[in-house]
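As a plain string of letters, each chain reads:
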Amino acid sequence: MTRTDGYLLDNRQAEAAERFEAFATLFDPTTFRHLQALGAGPGWRCWEVGAGGTSVVSWLAKRVGPTGRVLATDIDTFRIAPAGRPPVEVRVHDVGAEDPPGEGFDLVHARLALVHVPDRDRALHSMVKALRPGGRLLVEDADPALQPLLCPDEHGPEQQLANRLRHGFRQLLAHRGADLSYGRRLPRLLREAGLRHVEADAYFPVTSPACAALESATVRQVRDQLVAAGVAGHEDIDRHLANVASGRMDLATAPMISAWGRKV
């Protein structure tokens, strides 16, 4: 993810690695399916925006091969630095505040990144500008407001506590400038940016071990902020983490909406 000064989930915190692993498990199959359908292949020049982890970057590197190029950027490249060998270049870059780091890309992709960028409009237009004519843009972002519950089946006190903490977490995100309904607007925004052949779909995990791993890492990462905001006490959070670890709850994530189009 792209990190701003107000970003709640710092990539350098220990829990970040767990979160990226869970994201990869949950969303890589969807992302790779779209990238493959868009034609990513040998010789392509790709820009991975707000890379965060290395799973997508590594997949793209294998697809483009030695004749291609993958530029992986983020404000904090701590987690993606190990992937920085040909054909991958890792570079510090703020997509919402700087000009694109090049033009003529065959593919530009961002996953779970723009929702956290304060100047999302500038970021999106920068990504479009970086494409060659005929180049493809794939933007994938969550829409927490579309499905605000951690436990859609709220049938007991454990689920009620989980949903209360999730509500508080989303309030923290909103206070930091995250747009919790950004995902649903992506198709329109891509069309307004001049892209053609725009399509979109959504993936909504309802329950899986990766959902539980993501929840545990996220709550541990923002524990102090939840307590400081008065959302819950440490005892509540300890009880919730124990409930998650029990494996008896169905934990969902926000739907991830994927939207793609082609530059004229």
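Up top is the structure these notes are about.
Worth saying up front: this structure is predicted, and the values here are computed from it rather than measured.

Engineer: How would you sum up the pairing of strand β1 (residues 45-49)? Please name residues and give values.
Structural biologist: Summarising burial for β1: four of the five residues are buried, a large majority. The parallel pair β1 and strand β2 (residues 69-74), bridged by helix α2 (residues 55-64), forms a crossover whose chirality is right-handed. With four bridges connecting them, β1 and strand β4 (residues 105-111) associate as parallel partners. Bridge assignment links V49 to a residue of β4, and that residue is A110.

Engineer: Got a sec to walk through the pattern of salt bridges? Specific residues and values, please.
Structural biologist: Under the definition given, this model contains 16 salt bridges. Of the charged contacts, one joins R69 and E89 as a salt bridge, the two residues approaching to 2.8 Å between their closest N and O atoms. You can see R69 sitting in strand β2 and its partner E89 sitting in strand β3 (residues 88-92), a full 20 residues away along the chain. You can call E89 partly exposed: its relative accessible area is 29%. Two residues, D236 and R164, come together in a salt bridge whose shortest N-O distance is 4.0 Å. Of this pair, D236 sits in helix α7 (residues 234-246) while R164 is found in helix α4 (residues 157-175), placing the two residues 72 residues apart along the sequence. Residue D236 is classed as buried on the basis of its relative accessible area, which comes to 19%. R164 sits in the partly exposed class, given a relative accessible area of 37%.

Reading the values: the criteria
Residues numbered from 1 in each chain as written. Predicted model: local features only at pLDDT ≥ 70, side-chain atom pairs only at ≥ 80, totals over all residues. Heavy atoms only, no water. Buried < 20%, exposed > 50% of the residue type's maximum accessible area, 1.4 Å probe, protein only. Helix = DSSP H or I, 4+ residues; strand = E, 2+ residues; numbered from the N terminus. Right-handed = clockwise from strand over helix to strand, strands pointing away. Pairing = 2+ DSSP bridges. Salt bridge = Lys/Arg side-chain N within 4 Å of Asp/Glu carboxyl O.

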